Amino acid sequence: MEILFLIKYGELALKGKNRPAFEKRLCENIGTQLKGSEYRIIRKFGRLYVETLDKYFDRVSTALKNTFGIVSFSRALQAPKEMGKIEESALILAGELFKGQRGSRFKVAARRADKSFPLNSYEIACRLGDLLLKSIPGLKVDLNNPDWILNIEIRDSVYLYGPEIKSPGGLPLGSSGRSMVLLSGGIDSPVAAYLMGKRGLKIDAVYFHTPPFTSEKALSKVKELAKILSRYLLSISLYTVPFSEAQVRIKERAPAAEMTLLMRAAMMKMAEKLAGRCNCNSLVTGESLGQVASQTAESLRFTGNQPSLPVFRPLIGLDKEEIIEIARRINTFETSIQPFEDCCTLFTPKRPLIRPDLKRMQDSFRSLEIEELLEIAVNSAAVFTF
């Protein structure tokens, strides 16, 4: 049996003359997830459609549910522009929705994009609603609070569909360039990666590994987070950079109160070096204003001053509960809270600076004489692709 999915998008409709490029990218991203399946993607004004076989229903549904750029999708039936054929399809779809225990209260919503069709939207809705009431015992019309809606669109053909399944929206992945996210094992950075992917950035990731201060379990945890993110990001390359020697240098030479900020500055430097080699045009962090000492406005001014690339902080105005809510929704939360500490946690001073002086911190960073160690570390990075 052949199945048709009707796909709706939001922001892409506002792109004017650039819209075809965004639609093309979206189609490519859907196709990437459906490799090995039998399918056909159809582009028509304001809509995308995917035709596939019944056996691929679950796979296509999962792909569309996780694809940035899609607002919603529905399983649909296609009919010729003849009221008799439309009525036949409406009875089939309404019967499925009613038997599927969607509820008995319904409404018909019609949209006539093709104005040459003899009935207007109101007339179509009334005629089909009356037909369903007479043909399917137990149904009730409820225009204000229906259990389900039978949607009818009169376009090049007639498309009938039921409830819409929500997708993440945003822009198609890769339509805004490429970025490097500083991925720790915590709650915040995976959420930041997801949110910037939603804005069209193709994401690579860097993790700073510090054996023997942190265990291989900490690294495995980050790999698992990257694997989860790949469901939304199509694929992700995780670069693991050895940071132990640089961390020891900072501990030996820096005042305790400055250690966290200096480590963060070193990480930003290394992330920028790696980004340049991976054709990334920006960095992404999971920083939220005021959440910890290294995320005050003064601290962010210092650490953000290290790279020349733009630094995107999508969580900057969110509180922890809001971040956790997103982490739960994208299924990274349970992995993030596994009790394997990262290097920043282990080397956090008892009284870190929260209002650092920019010039003093820049002088402290130069005094570390750490550039060579950072270059060696980046050159020693291992890469894992998910």
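For the structure itself, consult the block above.
Note that this is a predicted model, so its numbers are computed, not measured.

So what exactly am I meant to see when it comes to the environment of Ser215 here?
By the secondary structure assignment, Ser215 is in the loop between strand 11 (202-209) and helix 6 (216-233). Looking at Ser215, the relative accessible area reads 37%, which means it is partly exposed. Along the sequence, Ser215 and Phe340 sit 125 residues apart, while their C-alpha atoms lie 7.6 Å from each other. At a separation of 3.2 Å, a polar atom in the side chain of Ser215 contacts the main-chain amide nitrogen of Lys217.

Just to check I follow, could you spell out the pairing of strand 3 (residues 47-53) for this structure?
Across a regular strand the side chains alternate sides, sitting on one face of the sheet and then on the other. In terms of burial, strand 3 is largely enclosed, as 6 of its 7 residues are buried. Pairing between strand 2 (residues 39-44) and strand 3: 6 bridges, direction antiparallel. Paired with Ile41 across the two strands is Val50, which belongs to strand 3. Adjacent in sequence and paired antiparallel, strand 2 and strand 3 are bridged by 2 residues, among which Gly46 carries a positive phi angle near 80°.

I'm lost on the packing of helix 3 (residues 83-99) against helix 4 (residues 121-135) in this one. Help?
Geometrically, a packed helix pair is captured by the angle between its two axes and the distance between the axes. For the pair helix 3 and helix 4, interaxial distance at closest approach is 10 Å and the crossing angle is 50°. Our classification of the angle between helix 3 and helix 4 gives oblique. Both helix 3 and helix 4 take part in a crossing whose hand is right-handed. Contact with helix 3, carried on its side by Met83, Ile86, Glu87, Ala90, Leu91 and Ala94, involves Arg127, Leu128, Leu131, Leu132 and Ser135 of helix 4 and no other residues of that element. Looking at side-chain class alone, the contact of helix 3 with helix 4 contains 8 nonpolar, 1 polar and 2 charged residues.

In this structure, what is going on with the packing of aromatic side chains? I would like to understand it.
In this description, an aromatic ring pair is defined by two values, namely the gap between the centres and the angle between the planes. The full count for this structure, using the stated rule, is 7 aromatic pairs. Here Tyr49 and Tyr159 contribute two aromatic rings whose centre-to-centre distance is 4.6 Å and whose plane-to-plane angle is 20°, an arrangement assigned as stacked. With Tyr49 in strand 3 and Tyr159 in strand 8 (residues 158-161), this pair connects stretches of sequence that are 110 residues apart. Clustering of aromatic rings is evident, with ring pairs tying together Phe5, Phe57 and Phe73. Lys15 extends its terminal NZ or CZ atom over the ring of Phe22, reaching a point 5.2 Å from the ring centre. The aromatic ring of Tyr49 is capped on one face by Lys44, whose charged end is 5.7 Å from the ring centroid.

Looking at this model, I keep getting lost on the pattern of salt bridges. Mind explaining?
Charged atoms that come close allow side chains of opposite charge to pair. The full count for this structure, using the stated rule, is 26 salt bridges. Between Asp130 and Lys134 there is a salt bridge whose closest N-O contact spans 3.1 Å. Of the two residues, Asp130 and Lys134 both sit in helix 4, 4 residues apart, roughly one turn of that helix. Among the charged side chains, a network of salt bridges with common partners joins Lys273, Arg277, Glu371 and Glu375.

Just to check I follow, could you spell out the nonpolar core for this structure?
Generally speaking, nonpolar side chains in soluble globular proteins are found buried as a group. The biggest cluster of nonpolar side chains holds 37 residues, and the ones touching the most others in it are Met180, Phe243, Ile250 and Phe365. Secondary-structure elements contributing two or more residues to this core are strand 10 (178-182), strand 11, strand 12 (237-242), helix 7 (244-253), helix 8 (259-277), helix 13 (358-367) and helix 14 (371-379). By residue number, the principal contributor to this core is helix 8, which donates 12 residues. Among all residues touching Met180, those that are not within four sequence positions of it are Asp204, Ala205, Val206, Tyr239, Ala271, Leu274, Ala275, Cys278, Cys280, Ser282, Leu283 and Val284. Judged by nonpolar contacts, the second largest core, of 32 residues, contains Ala218, Leu238, Ile326 and Ala327.

Before we go on, may I ask you to explain the side chain of Ser74 in this structure?
One can find Ser74 in strand 4 (residues 72-79). With a relative accessible area of 2%, Ser74 lands in the buried category. Within the local environment of Ser74, its side chain forms a polar contact with the backbone oxygen of Pro163, the two atoms lying 3.3 Å apart.

So what exactly am I meant to see when it comes to the sheet that holds strand 12 here?
Hydrogen bonding along the main chain pairs the strands of a sheet, whether they run parallel or antiparallel. One open sheet accounts for 6 strands, arranged 14-13-10-11-12-15; its pairing is mixed. Every interior strand has two partners, whereas the edge strands, strand 14 (311-312) and strand 15 (382-385), have only one.

Looking at this structure, how should I read helix 1 (residues 19-33)?
Here helix 1 contains 15 residues, and its C-alpha end-to-end distance of 22 Å stays within 8% of the 21 Å for a straight helix at 1.5 Å per residue. The set of residues buried in helix 1 consists of Arg19, Phe22, Glu23, Leu26, Cys27, Asn29, Ile30, Gly31 and Gln33. Its buried side turned inward, helix 1 meets strand 1 (2-8), strand 2, strand 3, helix 2 (57-65) and helix 6.

How do you make sense of the side chain of Ser189 when you look at a structure like this?
Mapped onto the secondary structure, Ser189 falls in helix 5 (residues 188-198). A distance of 3.0 Å separates a polar side-chain atom of Ser189 from the backbone nitrogen of Ser184. Residues contacting Ser189, with those up to four places away along its chain left out, are Val181, Leu182, Leu183, Ser184 and Gly286.

I tried to follow unusual backbone geometry on my own but got confused; where do I start?
Backbone geometry follows two general trends: most residues other than glycine have a negative phi, and most peptide bonds adopt the trans configuration. With omega at 5°, the peptide bond leading from Pro211 into Pro212 counts as cis. With respect to the element layout, Pro212 can be found in the loop between strand 11 and helix 6. Residues other than glycine seldom take positive phi values, yet Leu234 does so here, at roughly 70°. What makes Leu234 partly exposed here is its relative accessible area of 24%. At Asn279, a residue that is not glycine, the phi angle is positive and equals roughly 60°. The residue Asn279 is located in the loop between helix 8 and strand 13 (283-284) in this model.

How each quantity is defined
- Residues numbered from 1 in each chain as written.
- Predicted model: local features only at pLDDT ≥ 70, side-chain atom pairs only at ≥ 80, totals over all residues.
- Heavy atoms only, no water.
- Helix = DSSP H or I, 4+ residues; strand = E, 2+ residues; numbered from the N terminus.
- Buried < 20%, exposed > 50% of the residue type's maximum accessible area, 1.4 Å probe, protein only.
- Polar contact = N/O pair within 3.5 Å; in protein donor to acceptor, adjacent residues only side chain to side chain.
- Pairing = 2+ DSSP bridges.
- Axes fitted to C-alpha atoms, helices over the stretch in contact; angles between N-to-C directions.
- Parallel < 35°, antiparallel > 145°, perpendicular 65-115°, else oblique.
- Left-handed = near helix turned anticlockwise from the far one by under 90°.
- Contact = heavy atoms within 4.5 Å.
- Nonpolar A, V, L, I, M, F, W, Y, C, P; charged D, E, K, R; others polar.
- Phe/Tyr/Trp six-rings, centres within 6.5 Å; stacked < 30°, edge-to-face > 60°.
- Lys NZ or Arg CZ within 6 Å of the ring centre and 35° of its normal.
- Salt bridge = Lys/Arg side-chain N within 4 Å of Asp/Glu carboxyl O.
- Core = buried A, V, L, I, M, F, W, Y, C linked by side-chain atoms within 4.5 Å.
- Expected span 1.5 Å × (residues − 1).

What is shown is where atoms sit, not what they do.
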